[in-house]
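One-letter residues, chain by chain:
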Amino acid sequence: MNDSLGHIFVDALLINNFVLCVFLGMCSFLGVSGKFSTAWRMGLSVMFVITVSSVLSFGTNVLLVRFHAEYLRLITYIVIIAATVQLTEMFIRKTSPALFRTMGIYLPLITTNCAVLAVPLFQTSRNYSFVQSFVFAIAASGGYTVAMMILSLLRERVELSDVPELARGTALTLLLAAILSMAFMGFAGMGNGG
Amino acid sequence: MSHEQTPVACHGTSVSESPGETMLAFTNGLWKQNPVFVMVLGMCPTLAITNSVRNAIAMGLATTFVIATANGLVSLIRKLVPKQVRIATFILIIATAVTVVDYLVKAISINVYKALGPFIPLIVSNCLVLERPEAFASKNTVGKSVLDGFGMGMGFTFALICLGTVREVLGAGTFLGFHVFGPNFEPWVLFLLPPGGFISLAMWLLTFTAWRQWSARRKLARETEQTMPAMEVAS
């Protein structure tokens, strides 16, 4: 197992892309990817929440291990995420009301995005150091954003074409995601070389 | 969603619950509002761990337990929780139930625990698990909520088994570990890999939509058939 920072970054961003290879954050991936403009905003806010909650939960985990209360891990992580989402919401509302109006409805959804919870869980189970988990959080959420953006662009294109009525909606999005996921499988070879 | 929006037993008024209505809370999730095929909720575990039927069953049962427990507890305290903090309360209840399941699965079978990996703790952020307390249990009695959670969980398990069957039979040539095809079968490995998950779910969705459209058309045809002679008599 190669634990260099570069390897962690490429691995989380492309080889084990959170959305297309590990199936995390599916709900928002299928639900909010209709338009490019909302997709990248959603991606950026998820990136912010993941990074902040990853740092906070790293600190909390150190405390939990010291007091031998590892069984509280899941509950504390979800509370941290909910609090981070709430803080982000308040922060954006104060600093930029315009951005808040465009992003407002997606912010509460981030709490139930499994990609957000998975980052702290993975970094704990893989025993990452602080810097490693920071890089991992940025790469994983970056991979989510990239996948969201590509899928939203594909969906905008397909909207204009003539699809059988039966396949419109979720089934078509899933087929697009399947093709995208096959393309990302090509990155799997990168892991063995490095 | 229109069904459970009806304020049944909302303020503790004595509503006589007919057994048929109680059963409806159970069967609703199984078929009519199947969480995966109709509501398209809880996609992450649906796609991630259905590469074998055994994993699918384990995941389905774990989720069923969590939904039923969370539904019951939420319904118990539904009159005590202020509206503003209800989501946070629900999440804490769910996280507690999931922690219990996490240790339970580890104690029952360490192999299943390893196979499901991070997806047991991730039940917390399954949209379905949060949706049921919010949409149903916060408005209904304890018994009905538990039944609803149980039905939804069973519907979820059913969908997972459907997907798991296709993926395991095509991808590995086995069903629950037993070989289905002869020794000459060349496994279609793609179905065990991530793209196979997307493709098989898309196919199941197409099948389901087609079936529902077909049965709706047939029902419509039968109704017009019944009303037509009546109209002739009337004229």
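Residues numbered from 1 in each chain as written. Chains lettered and ligands numbered in written order. Predicted model: local features only at pLDDT ≥ 70, side-chain atom pairs only at ≥ 80, totals over all residues.

**Description of the overall build of chain B**
Put simply, the test is: Going along the chain from the N terminus, every DSSP run of H or I of four or more residues is numbered as a helix, and every run of E of two or more is numbered as a strand. Residue burial is a threshold on neighbouring C-beta atoms within 10 Å of the residue's own C-beta, all placed from the backbone, with 20 or more meaning buried, 12 or fewer meaning exposed, and counts in between meaning partly exposed. Here, residue contact means that the backbone-derived C-beta atoms of the two residues sit within 7 Å.
In terms of helices and strands, chain B carries 8 helices and 2 strands. Counting from the amino terminus, chain B carries its helices and strands in the arrangement α-α-α-α-α-α-α-β-β-α. By the burial criterion, 43% of the 235 residues in chain B qualify as buried. Excluding contacts between residues fewer than 6 apart, the proportion of contacts in chain B whose partners are at least 24 apart in sequence is 77%.

**Description of the overall build of chain A**
Defined as follows: For the radius of gyration, the atom set is restricted to C-alpha positions; the globular benchmark scales as 2.2 Å times the number of residues to the power 0.38.
In terms of helices and strands, chain A carries 9 helices and 0 strands. Listed by position from the N terminus, the elements making up chain A come as α-α-α-α-α-α-α-α-α. Taken over the C-alpha trace, chain A has a radius of gyration of 18 Å; the compact-globule value for 194 residues is 16 Å, and the two agree within 12%. Within the span of chain A, comprising 194 residues, buried residues form 43% of the whole. Restricting the contact set of chain A to residue pairs at least 6 apart, pairs at least 24 apart contribute 79%.

**What about the interface of chain B and chain A?**
Cut-off, in case you're wondering: Classification used: nonpolar for Ala, Val, Leu, Ile, Met, Phe, Trp, Tyr, Cys and Pro, charged for Asp, Glu, Lys and Arg, polar for all others including Gly.
On the side of chain A, 32 residues touch chain B, which itself brings 31 residues to the contact. Secondary structure elements with two or more residues in the side of chain B that touches chain A: α2 (43-48), α4 (86-108), α6 (127-137) and α8 (194-234) of chain B. Looking at the side of chain B that touches chain A element by element, the count peaks at 11 residues for α8(B). When grouped by side-chain class, the residues that make up the side of chain B that touches chain A number 26 nonpolar, 5 polar and no charged.

**Points about the nonpolar core**
As a reminder, the rule being used: For this entry, the nonpolar core is defined as buried Ala, Val, Leu, Ile, Met, Phe, Trp, Tyr and Cys residues connected by C-beta atoms within 7 Å.
In terms of nonpolar packing, the biggest core is built from 115 residues, with A:Leu117, B:Val66 and B:Ile94 touching the most fellow members. Aside from chain neighbours lying at most four places away, what touches B:Val66 is B:Ile94, B:Ala97, B:Val98, B:Val101, B:Ile123 and B:Val129.

**Things to note about unusual backbone geometry**
The general pattern is negative phi for most residues beyond glycine and trans for most peptide bonds. The phi torsion at A:Phe23 lies on the positive side, around 60°, for a residue other than glycine. Of note, A:Phe23 is situated in the loop between α1 (5-15) and α2 (26-31).

**Overview of helix α3 (residues 53-76) of chain B**
Convention followed: Residue count minus one, scaled by 1.5 Å, sets the expected span of a helix.
With 24 residues, α3(B) extends 34 Å from end C-alpha to end C-alpha; this agrees with the ideal 34 Å at 1.5 Å per step. With 19 of its 24 residues buried, α3(B) lies for the most part within the structure.

**Structural notes on the packing of α3(B) against α4(B)**
Residue and element names in this part refer to chain B. Note the cut-off: A fitted line through C-alpha atoms serves as each axis, taken over the contacting stretch for helices, and the angle formed by two N-to-C directions is quoted from 0 to 180°. Should the near helix be turned anticlockwise from the far one by less than a right angle, the crossing is termed left-handed; should it be turned clockwise, right-handed.
Direction vectors running N to C along α3 and α4 enclose 145°, while the axes themselves pass 9 Å from each other. The element α3 and its partner α4 pack so that their crossing is right-handed. On the side of α3, the interface is formed by Ala62, Phe65, Val66, Thr69, Ala70, Leu73 and Val74, while α4 contributes Phe90, Ile93, Ile94, Ala97, Val98, Val101 and Val105.

**Here's the deal with the packing of α3(B) against α6(B)**
All names here are of chain B. Two elements in contact, α3 and α6, have axes whose closest approach is 9 Å; the angle formed by their N-to-C orientations is 35°. Judged by the sense of rotation from one axis to the other, the crossing of α3 with α6 is right-handed. Only Val129, Arg132, Pro133, Phe136 and Ala137 of α6 make contact with α3, whose side of the interface consists of Thr63, Val66, Ile67, Ala70, Asn71, Val74 and Ser75. Here the residues of the contact of α3 with α6 are counted per class, giving 8 nonpolar, 3 polar and 1 charged.

**Thoughts on the environment of B:Ile57**
Residue and element names in this part refer to chain B. Mapping Ile57 onto the fold places it in helix α3. C-beta crowding within 10 Å serves as the criterion here: with 16 such atoms nearby, Ile57 is assigned to the partly exposed category. In sequence terms Ile57 and Met154 are 97 residues apart; their C-alpha atoms lie 10.0 Å from each other.

**Things to note about the confidence of the model for chain A**
Note the following rule: Every residue carries a pLDDT, the predictor's confidence in it, which falls somewhere between 0 and 100.
Overall, the predicted model of chain A reaches an average pLDDT of 85, with 94% of residues at or above 70. Between the elements of chain A, mean pLDDT differs from a low of 65, seen in helix α9 (residues 188-193) of chain A, to a high of 92, seen in helix α7 (residues 130-158) of chain A.

**Topic: the environment of B:Leu30**
Residue and element names in this part refer to chain B. Relative to the helices and strands, Leu30 resides in helix α1 (residues 19-32). Given 18 C-beta atoms within 10 Å, Leu30 falls into the partly exposed group. With sequence-adjacent residues up to four places away left out, Leu30 is seen in contact with Gly151, Met154, Gly155 and Phe158.

**Focus on the confidence of the model for chain B**
As a note on interpretation, predicted positions should not be read in detail where pLDDT is low. Residues and elements named next belong to chain B. The predicted model of chain B has a mean per-residue pLDDT of 82, with 88% of residues at 70 or higher. Mean pLDDT per element in chain B: α1 is the minimum at 75, and α3 is the maximum at 92. Taken as a whole, residues 1-16 scores under 50 in pLDDT and shows 11 contacts with residues more than four places along the chain or in a different chain. Scoring of the predicted complex yields 0.83 for pTM and 0.84 for ipTM.

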